[in-house]
Amino acid sequence: MDFTAKQIAELTGGKLEGNPEAVVNTFCKIEEGREGAISFLSNPKYTHFLYETQASVVIVNEDLALEKPVSATLIRVPNAYETVAKLLQLYESMKAKKSGIDPLAFISPTAKIGKDCYIGAFAYVGEGVVLGDGCQVYPNVYLGEGVQMGNNCLVYPNVVVYHGCKIGNNVTLHAGCVVGADGFGFAPGPDGYDKIPQIGIVTIEDNVEIGANTCIDRSTMGSTYVRKGVKLDNLVQIAHNTDIGANTVMSAQVGIAGSTKVGQWCMLGGQAGLSGHITVGDKVNIGAQSGVIGNLDSGLTLIGSPTREPRAFFREVALTRRLPEMYQQLKNLQKEITELKKNLEPNE
């Protein structure tokens, strides 16, 4: 579908500079701009591309000062990144949704399927499953007995949701993620490890997105919780009995050990790890590859393993790089001290 720059400016509330009749029908990165595409500039590192891009329209921050003329039509907005995110959401919502039930899907006679749902080939919908309206269940998905899913959920191929788990509205489960596998519970015994049955469930609230091959384990008792608005990247591990607070985000390969409570609006960088049975406050930022071994108060920004304040961490890193030099200095000092002692010893 085609849109003019004028229409986009009206839609976003932006200020137009250039040709109001410039037409676009797709998106592109600013460094790969081409005619008929719309792009954006929010990171100053990419500013030089603005003067050479072939994109027809570029969304920029309203305070951007031009160093030379540009060929693209500009739309100035308070926050270019936020604006283009909203446009992409609108673009995605305009795509036609799949509908209907493939004859190769298996649906239990006791399952309840809402209106306007799509269920793809070789999907398995078990006994007592409840699907809300407008759900999209792609091929090879497994929904175990008693699973409950709200409205407008998007479940990509090869997702597995174990029995009894509850999923809210507008949830996206990307390919290969597993919801409700057993928590890692074993009791050591004289002949090995005895499995502790995991009889709880996983509860995922509204507007959550779970990345590809991410695993969320069911609780021993009660429920593992992923609260509303949480966004998990690919290959994240959420252990049993954890509680992930609303609107928290985690990058790839984050690992959360069992019975840990993470607050609201937290941000965890890639490969960060949290030990079990701890509490992390609200609005905590944890850097990539950090290791958290104890409780954290709200509002902290930490990095390293074990985590500490960033300035302290970077001072330690700087000192670590000087260790070979410092070691050589120490050896030289030891040698000098030995020589001084020899010279100070009385002659016999």
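Bear in mind the structure is a predicted one, so any value in this text is a computation, not a measurement. (Residues numbered from 1 in each chain as written. Predicted model: local features only at pLDDT ≥ 70, side-chain atom pairs only at ≥ 80, totals over all residues. Heavy atoms only, no water.)

A. Spatial organisation of the overall build of the protein. A count of helices and strands for the protein gives five helices and 39 strands. Each of the 348 residues in the protein was classed as buried or not, and the buried ones make up 40%. Once local pairs closer than 6 in sequence are excluded, the contacts in the protein between residues at least 24 apart make up 17%. Accessible surface, the protein as shown: approximately 19,500 Å² in total, 54% of it carbon and sulfur. The average position of the 30 basic charges and that of the 36 acidic charges among the side chains of the protein differ by 3 Å. (Helix = DSSP H or I, 4+ residues; strand = E, 2+ residues; numbered from the N terminus. Buried < 20%, exposed > 50% of the residue type's maximum accessible area, 1.4 Å probe, protein only. Contact = heavy atoms within 4.5 Å. Areas by Shrake-Rupley, 256 points an atom, 1.4 Å probe, with all protein chains shown as cover. Lys, Arg positive; Asp, Glu negative; His and termini not counted. Charge placed at Lys NZ, Arg CZ, Asp CG, Glu CD.)

B. Molecular detail of helix α3 (residues 80–93). Here α3 contains 14 residues, and its C-alpha end-to-end distance of 20 Å stays within 8% of the 20 Å for a straight helix at 1.5 Å per residue. Every buried residue belonging to α3 is among Ala80, Thr83, Val84 and Leu87, and all of these are buried. In an axial view of α3, the angular spread of the buried residues amounts to 95°, which keeps them on one side of the axis. Among the exposed residues of α3, those pointing more than 90 degrees away from its buried face are Tyr81, Lys86, Gln89 and Ser93. Residues of α3 that are buried make contact with α1 (5–12), β4 (26–27), β5 (37–41), β6 (57–61) and β7 (73–77). With a side-chain oxygen lying 3.1 Å from the backbone nitrogen of Tyr81, the N-terminal cap of α3 falls on Asn79. (Expected span 1.5 Å × (residues − 1). Arc of directions from axis to C-beta. Polar contact = N/O pair within 3.5 Å; in protein donor to acceptor, adjacent residues only side chain to side chain.)

C. Structural detail: unusual backbone geometry. Cis geometry marks the peptide bond from Ser305 to Pro306, where omega comes out at 0°. When you line up the elements, Pro306 lands in the loop between β39 (301–302) and α4 (310–321). Positive phi, normally seen in glycine, also occurs at Asn152, with a value near 55°. With relative accessibility at 38%, the residue Asn152 sits in the partly exposed group. Located in the positive-phi region is Trp265, a residue other than glycine, with phi close to 55°. As for its placement among the helices and strands, Trp265 is situated in the loop between β33 (261–262) and β34 (267–268).

D. Quick peek at the packing of aromatic side chains. Under the counting rule described, the total for this entry stands at nine aromatic pairs. Considering the side-chain rings of Phe106 and Tyr124, the 5.1 Å spacing of their centres and the 20° angle between planes classify their relative orientation as stacked. One end of the pair, Phe106, is in strand β9 (residues 106–107); the other, Tyr124, is in strand β12 (residues 124–125), and 18 residues separate them in sequence. Looking at Phe106, the relative accessible area reads 41%, which means it is partly exposed. Residue classification places Tyr124 among the partly exposed positions, given a relative accessible area of 29%. In textbook terms, an aromatic cluster arises when at least three aromatic residues are bridged by ring pairs, as seen for Phe106, Tyr124 and Tyr142. (Phe/Tyr/Trp six-rings, centres within 6.5 Å; stacked < 30°, edge-to-face > 60°.)

E. Examining the nonpolar core more closely. Grouped together as the largest cluster of nonpolar side chains are 50 residues, with contacts concentrated most on Val161, Leu173, Ile204, Met250 and Leu274. Contacts of Leu274, omitting those with residues within four sequence positions, involve Gly255, Ile256, Ala257, Thr260, Val262, Leu268, Val280, Ile286 and Val292. (Core = buried A, V, L, I, M, F, W, Y, C linked by side-chain atoms within 4.5 Å.)

F. A look at the pattern of salt bridges. For the coordinates displayed, the defined rule picks out eleven salt bridges. In this structure, Glu205 engages Arg227 in a salt bridge whose closest nitrogen and oxygen atoms are separated by 3.0 Å. With Glu205 in the loop between β24 (201–204) and β25 (209–210) and Arg227 in the loop between β27 (223–226) and β28 (231–232), this residue pair connects regions lying 22 residues apart in the sequence. By relative accessible area, which is 24% here, Glu205 ends up partly exposed. Using a relative accessible area of 24% as the deciding quantity, one classes Arg227 as partly exposed. A cluster of three or more residues bridged by salt bridges with shared partners is formed by Glu205, Arg227, Asp243 and Lys261. (Salt bridge = Lys/Arg side-chain N within 4 Å of Asp/Glu carboxyl O.)

G. Highlighting the sheet that holds strand β29 (residues 237–238). The strand order across the open sheet formed by ten strands is β9-β12-β15-β18-β21-β26-β29-β32-β35-β38, and the pairing between neighbours is parallel. For this open sheet the edge positions go to β9 and β38 (291–292), each flanked by a neighbour on one side alone. Relative to strand β21 (residues 178–181), strand β18 (residues 160–161) runs parallel, the two sharing two bridges. Its bridge partner being in β21, Val160 is matched across the sheet by Val178. (Pairing = 2+ DSSP bridges.)

Purely geometric numbers; function is a separate question.
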